[in-house]
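Spelled out from the first residue to the last, the chains are:
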Amino acid sequence: MTIIGTSTSAFFDRSNLDLSGLRAQAEKLQQQLSSGDKLSRSSEDPVAASRLRALSRSERLAKIDMTNADRASTDLALSDAALTSFANAIIRAQELATQAANETLTETQRASIGTELGEIHARLVSLANARDSAGHALFGGEAAGDAYSIDAAGNATYIGTAGTGDMPLGDGQSVTRGVTGPDFLNFSVNGSPTDLLTHVKALADALKGSAADPSGAARDALDALGAGLDAVSTSQTIVGSRLAWIDLAVERSTNLGELRTDEQEKIGGTDIAITVANLQQVMLVLEASQSSFAQLANLSLFETLR
Amino acid sequence: MSSDLITIARSGTKAARIALDVTAQNIANAGTAGYVRRSVQMEELSSTSALNRDVSFSGVRLDRIVRNADAFRQAEVRRTGADASRANAEVAGLENIESAVEQAQLYPAIVQFEASLQQLAADPVDPSLRAALVEDARTMTRAFNIASSALQAVGEGLRFEAADGVTQVNKLTSELAQLNLRLARSADASSDQTALLDRRDLLLEQLSGYVEIGAIIAPNQTVEVRLGGTSGLPLVSGGTTGTLAMSAAADGTISFTLDGTATTPAAGSLAGKAQALSKLANISAGLDGLATSLAATVNAAQAAGVALDGSAGQPMFSATGAGDITLTFNDGSMIATAPAGAGAGSRDQSNLAALRSALGTTNPAGAMDGLIFGISSAVQSASTTRDTLETIAGTARIALQAQSGVDLDQEAVNLLRYQQAFQASGRAIQVAADIFDTLLGIR
């Protein structure tokens, strides 16, 4: 009768394979724990790996979207502040025009009001040429240099572009990044288009003596200044609603980012509790295999037969 | 009566000695690769005499040394082993390809390039954003170069191994042919022949690791080896051998010929390497296509716009493939963000938007993801197949080992048994001597 059993070398080979397989499993689990990533290479789960790549890409692009949104909101906030200054200047100009409309004022008093209006005009022009966070003309659309050019006589002409261009906020959303000078400085009085800078300049010049009826000119100017203030407030409202839109987009992006992180964690992250439990199990099996191997390997007939 | 107790006992001790020798040989070769357990087969020696009532015993003699090899199980080991080594070679090759593509970090580099373009949209005239875009584009081209050269290195490695495999096959076949000549001359069941048979089977098993073979064993124990199965092209026939040769095509794939006849091995590591190389050619072509289409998209958009100084946009990349894609300028101001006709320093970014939407259509990141997904799912499915084939091959090997391997416990028992047989025969001689003495002592 032959002893049924595998050959000695097969026993050692197989034990070797089993033990090294268990050891590889334990090492894999340990690696998952220490790196925090479930996948060390794509082939372990091609679908999950592809999803993780897509998520990391969205994450990277969303980060840029957030920076862009920050930039847009900074520029819009700058526009908002500048528009407030515009409104203040126009209100001051209205006060001055109201004073100048008074018939009892002397020429000198009107002339000094005219000088102050001239200062206000200069301030308005410099405000219209304000710079954004990147140093470009805030109200010049996409122009390379200033938004307004001043000729020798002090007249301001818009030299910027018609539109401001959009800033992408991600997921197909975008925001118009600012307002151009003509958006809020140009308006029409009694059906004829005009602009604030020209009006203030004309009023200042009229009060300084260029007009035959300065107080009449001041009265006329009050209408135009009122319309100009309206245009500025309208633009400020638009800027405010764009800022609110950016806030919404940022909030949405943040929420999406959280969802992404969640999914990333779920797909690619190591579940510590489960992994530790699995590791414990593999280690237990490995230890049992090692000790049973040691006992079996010792079990040789040569030891007992003397 | 013609029996002779001493002669019988002497033949018994001799047979026991031989059996002990065989046992010792088994023990000594317990760990030798290809060694097949021997056992002794004894035969009773007796003669029938013309006289009916005559008792005529002559003891025992060694009939033959049995080599416990089962041709079927050996053929199974060769067949399943060839499958397993094909799958192993394929998985190893595919894994290298996967590492080459993944570790070049090309996907993150492409995403970074896209992100840079998006960031430039915030302020298209900002020199630092332009410089960042140029650097990210450079990183991307380098990642393409790295991936390409890594793939090339994988291909060279695979071809080198395949060429070495072909050399090994030719060496093994010529050794088998020589063995055939010696086997034809060796005496039946002699220890010389069993050693040669061990060698023959070991060589066949090694050969089947490289290519799928069919072995036809002749009655005189010589073997005829055919490529791919018992009806394939002859590889070894008697003392003559066929010459396996390998040639590489321009795209890096390999093909084999046996004595000038084209042949495609279906199993064995050579087949696995050929499969991995054809996947490699596939991936390389995909990567080259991605690099050229990306370069073409960006260059077309560049041509439609003007640089920061108002001059016509120049191509940004030059590429005929992933290996040679390079950046053609280092100056960020040459990125054409403004449309044709825009002046110097224009902040009009409609050309940049056009480039971004064209890239959205070409979708290089998606294509790259597709490439990585293709190779990684190929690795995954090949690994699954490999694991199955390994299990099958392992089972076949264990089945063969159980029959032909040396079990030390069994040998320990045999050692004891034959030792006792030897001692018993010795005692028989003692008895014969005593009887003789008894007869001599009669007075």
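Whatever comes next refers back to the structure up there.
Residues numbered from 1 in each chain as written. Chains lettered and ligands numbered in written order. Predicted model: local features only at pLDDT ≥ 70, side-chain atom pairs only at ≥ 80, totals over all residues.

Caption draft 1: A look at the overall build of chain B. Looking only at helices and strands, chain B features 9 helices and 13 strands. The C-alpha atoms of chain B give 37 Å as radius of gyration, which overshoots the globular expectation for 443 residues (22 Å, by more than 25%). Overall, the C-alpha framework of chain B stretches about 145 × 40 × 25 Å when taken along its three principal axes. Counting every position in chain B, which comprises 443 residues, the buried fraction comes to 43%. Pairs at least 24 apart in sequence give 73% of the contacts found in chain B among residues at least 6 apart. (Helix = DSSP H or I, 4+ residues; strand = E, 2+ residues; numbered from the N terminus. Rg over C-alpha atoms; globule rule 2.2 N^0.38 Å. Buried ≥ 20, exposed ≤ 12 C-beta atoms within 10 Å, placed from the backbone. Contact = placed C-beta atoms within 7 Å.)

Caption draft 2: Highlighting the interface of chain A and chain B. Between chain A and chain B, the residue contacts involve 36 residues of the former and 43 residues of the latter. For the side of chain A that touches chain B, the class distribution of residues is 15 nonpolar, 14 polar and 7 charged. (Nonpolar A, V, L, I, M, F, W, Y, C, P; charged D, E, K, R; others polar.)

Caption draft 3: Up close: the sheet that holds strand 9 (residues 261-263) of chain B. Residues and elements named next belong to chain B. Pairing within the open sheet is antiparallel, and its 3 strands lie in the order 7-8-9. Of all strands in the sheet, those bounded by a partner on one side alone are strand 7 (244-248) and strand 9. Sheet twist, expressed as the mean angle between neighbouring strand axes with direction ignored, is 40°. The sheet contact formed by strand 8 (residues 254-258) and strand 9 spans 3 bridges and is antiparallel. (Pairing = 2+ DSSP bridges. Axes fitted to C-alpha atoms, helices over the stretch in contact; angles between N-to-C directions.)

Caption draft 4: Highlighting the packing of helix 2 (residues 46-101) of chain A against helix 6 (residues 214-268) of chain A. All names here are of chain A. In the contact formed by helix 2 and helix 6, the axes pass within 7 Å of each other and the chain directions differ by 165°. Relative to helix 6, helix 2 is oriented roughly antiparallel. Of the two elements, helix 2 crosses helix 6, and the hand of that crossing is left-handed. Here the contact of helix 2 with helix 6 is built from residues that sort into 32 nonpolar, 15 polar and 8 charged. (Parallel < 35°, antiparallel > 145°, perpendicular 65-115°, else oblique. Left-handed = near helix turned anticlockwise from the far one by under 90°.)

Caption draft 5: Main features of unusual backbone geometry. Residue and element names in this part refer to chain B. With a phi close to 55°, Gln 105 is a non-glycine residue in the positive phi region. Tracing the backbone shows Gln 105 in the loop between helix 2 (71-103) and helix 3 (106-120). Here Gln 105 falls in the partly exposed class, since 16 other C-beta atoms lie within 10 Å of it.

Caption draft 6: Representation of the packing of helix 2 of chain B against helix 6 (residues 269-304) of chain B. Residue and element names in this part refer to chain B. At a minimum axis separation of 6 Å, helix 2 and helix 6 run at an interaxial angle of 25°. Relative to helix 6, the element helix 2 lies roughly parallel. Crossing hand, helix 2 versus helix 6: right-handed. For the pair helix 2 and helix 6, the contacting residues are Ser 85, Arg 86, Ala 87, Asn 88, Ala 89, Glu 90, Gly 93, Leu 94, Ile 97 and Val 101 in the first and Ser 269, Ala 271, Gly 272, Lys 273, Gln 275, Ala 276, Lys 279, Leu 280 and Ile 283 in the second. Of the residues belonging to the contact of helix 2 with helix 6, the class tally is 9 nonpolar, 6 polar and 4 charged.

Caption draft 7: Broad picture of the sheet that holds strand 3 (residues 213-217) of chain B. Residues and elements named next belong to chain B. If you walk across this open sheet you meet the 4 strands as 3-4-5-6, and the pairing is antiparallel. Each edge of the sheet is formed by a strand with only one pairing partner; in this case those strands are strand 3 and strand 6 (240-241). By the bridge criterion, 3 bridges tie strand 4 (residues 223-227) to strand 5 (residues 233-237) in an arrangement that is antiparallel. Its bridge partner being in strand 5, Arg 226 is matched across the sheet by Pro 234.

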